[in-house]
Structure formats: structure tokens, C-alpha cells
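Architecture at a glance
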Amino acid sequence: MATPIFKNNDIELLRSQVQRADRVVVTCHKAPDGDAVGSSLALFALMRAMGKSVDVITPDMPLKQLMFAPNANLITVNSLNEKLAYSLLQKADMVFCLDFNALHRIDRLADAITDSKAFKVLLDHHIEPENFCDLTLSFPDGSSTCELLYHLIYALGYDKFINREVAQCLYMGMMTDTGNFTFGSDYPDIYIAIADLLRFDIDKERIYNLALNTYSADSLRLRGYALNEKMQIFPEKGVACILISKDELERFHYKKGDLEGLVNKPLCIPEISMSFLFREDPFSGNVKISARSQGERSVEAICRDHFGGGGHLNAAGGEFNGSIGEAWERFAKVLTDL
Ligand code: 5GP
Ligand code: MN
């Protein structure tokens, strides 16, 4: 991607809305990842530097390993404090919706956003955004919402408000959404942005270690178990899958996020170009599916057609209403057609 081109009219509209706004709310998708938390807290720090009253509201708790990010302790979590989140949204003059394209991606926060009379802005890089904001800035070619936000800050002329906190958060999102600058980052502009952010003395090694390379002992043991005892390989199909039951998760004192990223691991095997992780959710009883692929093989189509989900060509997910055994039966049928 080259630098996103924002329309002049959009920038003028946004600037005038920011100027007249006193109270700003920033939200992002559920199960917030590095890009969601990074873009939200970057905009928080920027707006605060501009003298606004600003709050970040997430649908549920961000991944624990991201809570080191500056001001993460100030996030209002909707699933824990729905009343406060609702009242902040009703009092807001402006709401930014970051890193999601559809209201179902924010769970119960969707009603509070819909009820709010604030001027709403969507900034996102997922395909086909729903039309629920007054201004939609959608650039599916962008590596991350953080990279889009970086360019938006410059387009608005707010770069003088970038400080170390803003830079740390923007870096975190660009780094995590590209797998530490592995995928979706084969163009010069992203490194020009990084070079600029490094002027703020950010510690990129520390951000990498905390955001992408931190596991609890339980999580590390569960990952070892999953790869050693649960990974099935179908070499003639180029497919790997891991199915983990509720009981197995409980044995390793599973907490949300403990299996984050594991679905990528089987793709390390040269013959494997599609990987699936099925996890029986200890809370809902349903089976959550995460899928990754390489090249033109589409996990999005499989998740959409068979598991009521979707996502991107190479990274998708879905949900199966039933036990892990029933999910396996469904998947075995899918596998015969691959
Ligand atoms: P993950 O495997 O990291 O949970 O999700 C990868 C991608 O798949 C996400 O970026 C999201 O776009 C998509 N995704 C995950 N779960 C679902 C789901 O249940 N429904 C839909 N439509 N997309 C999903
Ligand atoms: Mn993102």
C-alpha cells in the first residue's frame, strides 16, 4: 500500500468536528488485539495532548499481554461496566470506531453506539465496511488501523501532538498486525512511518517482547501439549488441524488469549498450507474456529460456507454450535472435498 489518500472534504469535515468536540470516545472490536488496542490508545493520547476529554471503551478485556501499553489501565471495559460505557457514549460529541467493519464485531456495545447522537467516524482496514458511521474511512490495503491513523494524523495537521505514548501505541499496532513486519508490509511507506516514530525514543524490542512474545507457564504448556498430542496432519491435502476440548483447556487452567497465534504454527511445516484450530469454549460450550492459509487457498470460504464465519483469504474464523466431536465430524466432511 502507498500512503492512503484521504479525500479533502473528509479531512475538512473531520477537522471541524474534532475542533468543536469536547468529549471524545474511542472504541474498537471485541477481543481487542495489538492493532485495536494500539490505535485506540494512540488516538486517546493524541486527543488528550490536544486538550480533549477522551475515553477508550472496549467491548471486553483486551489480551492480557497488551495491558503494558500506556494508559491501558484507563480503558473502560463494556462487559465489566456497561452503565459507565453507555453514559460516556451518550455524553460524547464524537465517537471513533477503530479496526472493525461491522457492529456485530463489538457485541453489546453496538446498541450504545447506535443510541449515541455523537458524530461517528470509522477508521478501518477490513473489507466491506457496514454503513453505521457519519464518516467512513476504509482502506482495506492498509497493513493496520495504526498505520492508517498515523497518516490520518498527518493529513489533519495534528502531527505536532504526536508524543512518545502515541508513537509507542502506533508502533505496537503496525508491528502486531504485520507479524513483526512479515506479512502485508512489502512497501516502503510503512518503514518511513516507523523511522518517523523512532524519533520518539520508543523501545521496539520491549514492545515486541511484551506484545508478541509473552506467555504464562500454563499457556506455554498448553501450546506444547496441543502441538505434541493434538495436531493432526493430512499431507496429501496440505492441511493441519488441532482440536482441543473444554476438559483439556481446563486441565491447563485456560484463560482467554492462551492459544492466541497457535493456529499459525503448523504453517511452519513446508507441506502445510492450511491450518485449523478448533477450541471448545469453556464459557459458551460452542466451538470457536481459527484458520490460516498461505497463497491462494482460501480459509475465508471454508469458514463462511461451513462454520458461519468469515474474515480474510488467509486468516479467518467461525463458530460451530455443538460439541468438539461434532465439529470434527463436520470438518472431516469438509476435508474430503479439499
Ligand atoms: P482469529 O483467528 O485471529 O480469531 O481471527 C482471524 C480473522 O478472522 C479476524 O480478523 C476476523 O476478521 C475473522 N473472524 C474470526 N472469527 C470470526 C467469526 O466468528 N465470524 C466472522 N465473520 N469473522 C471472524
Ligand atoms: Mn487491525
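Above: the structure in question.
Presented here is an overview of the structure given in this document. Residue positions within a chain follow its written sequence, with the count starting from 1. For naming, the first written chain is A and the first written ligand is 1, with later ones following in the order written. The predicted origin of the model limits local features to residues at a pLDDT of at least 70 and limits the giving and counting of side-chain atom pairs to 80 or more, whereas totals for whole chains, interfaces and linings rest on all residues. In computing side-chain values, all of the structure's heavy atoms are included and hydrogens and water are not.

**Quick notes on the site of ligand 1**
Our working rule: Residue proximity to a molecule or strand is established when one non-hydrogen atom of the residue lies within 4 Å of it. Throughout this description, a polar contact denotes any pair of N or O atoms lying within 3.5 Å of each other; where both atoms belong to protein, one of them has to be capable of donating a hydrogen while the other can accept it, and for residues adjacent in sequence the pair is counted only when both atoms sit in side chains. Note on areas: Shrake-Rupley, 1.4 Å probe, and residue coverage restricted to the protein chains presented here. Secondary structure counts use DSSP, requiring at least four H or I residues in a row for a helix and at least two E residues in a row for a strand, with both numbered from the N terminus.
Every residue near ligand 1 is listed here: Lys288, Ser290, Arg292, Gly309, Gly310, Gly311, His312, Ala315, Ala316, Gly317 and Gly318. Between Arg292 and ligand 1, the recorded distance is 2.9 Å, taken from a side-chain N or O atom to an oxygen atom. Starting from 500 Å² of accessible surface for ligand 1 in isolation, the protein chains cover 71%. Sorting elements by how many residues they give to the shell around ligand 1 places strand β12 (residues 315-320) first, with four residues.

**Let's talk about the nonpolar core**
We count it as follows: What we call a nonpolar core is a set of buried Ala, Val, Leu, Ile, Met, Phe, Trp, Tyr and Cys residues that are connected through their side-chain atoms within 4.5 Å. Burial status follows relative accessibility: with a 1.4 Å probe on protein chains alone, a residue under 20% of its type maximum counts as buried, one over 50% as exposed, and anything between as partly exposed. The contact rule is simple, with two residues in contact once any of their heavy atoms fall within 4.5 Å.
By size, the foremost hydrophobic cluster in this structure holds 59 residues, and its most contacted members are Leu14, Met94, Phe96, Leu137, Leu152, Leu170 and Met174. Other than its neighbours up to four places away in sequence, Leu14 contacts Met94, Phe96, Val121, Leu135, Leu137, Leu152 and Leu156. Membership of the second largest hydrophobic core comes to 21 residues, among which are Cys303, Ala316, Phe331 and Leu335.

**Concerning the coordination of the manganese ion (ligand 2)**
Quick note on the threshold: Keep in mind that water is not among the atoms, so a site may look incomplete; donors are the N, O and S atoms within 2.8 Å of the metal, or 3.2 Å for Na, K and Ca.
Here the manganese ion (ligand 2) is held by Asp35 (OD), Asp99 (OD), His125 (NE2) and Asp177 (OD), and the distances to it run 2.2 to 2.4 Å. The sequence motif formed by the donor residues of the manganese ion (ligand 2) is D-x63-D-x25-H-x51-D. Placement of Asp35 in helix α2 (residues 34-49) and of Asp99 in the loop between β4 (94-98) and α4 (109-115) is noted, with a sequence separation of 64 residues between them. In terms of burial, Asp35 and Asp99 fall into one category: buried.

**Some points on helix α7 (residues 188-197)**
An α-helical segment advances 3.6 residues per turn. Residues three or four places apart therefore align on the same side. Rules: What the arc measures is the spread of directions leading from the helix axis to the C-beta atoms.
Within the span of α7, buried status applies to Asp189, Ile190, Ala193, Ile194, Asp196 and Leu197. Seen along its axis, α7 keeps its buried residues to an arc of 160 degrees; they face one direction. Exposed positions of α7 whose direction lies more than 90 degrees from the buried face are Pro188 and Ile192. Tucked inside the fold, the buried residues of α7 contact α5 (145-156) and α6 (164-177).

**What to know about the packing of α6 against α7**
Stated precisely, the cut-off is as follows: Fitted lines through C-alpha atoms serve as axes, helices being fitted only where they are in contact, and the angles separating the N-to-C directions of these axes extend from 0 to 180 degrees. When an angle is under 35 degrees it counts as roughly parallel; over 145 it counts as roughly antiparallel; between 65 and 115 it counts as roughly perpendicular; any other value is oblique. For any helix crossing, the convention is left-handed if the near helix is rotated counterclockwise from the far helix by under a right angle, and right-handed if that rotation is clockwise.
With their axes 10 Å apart at the nearest point, α6 and α7 run at an angle of 150 degrees to one another. When the interaxial angle is binned, α6 and α7 end up roughly antiparallel. By crossing handedness, the relation of α6 to α7 is classed as left-handed. Between α6, through Ala167, Leu170, Tyr171 and Met174, and α7, the contact on the second element is made entirely by Ile190, Ala193, Ile194 and Leu197.

**What to know about the pairing of β4**
Here is the rule we go by: Between any two strands, pairing holds if DSSP finds at least two bridges. Whether a crossover is right-handed comes down to one check: with the strands pointing away from the viewer, does the path from the first strand over the helix to the second run clockwise; if it does, it is right-handed.
Of all five residues in β4, five are buried, a share of seventy percent or more. As paired strands, strand β1 (residues 23-28) and β4 are joined by five bridges and run parallel to one another. Bridged to Val26 within β4 is Phe96. Where β4 meets strand β5 (residues 119-124), five bridges bridge the pair, whose relative direction is parallel. Looking at β5, one finds that Phe96 is bridged to Val121. Taken together, β4, α4 and β5 form a β-α-β motif whose crossover is right-handed.

In short, the description is geometric, and any link to function would need to be established separately.
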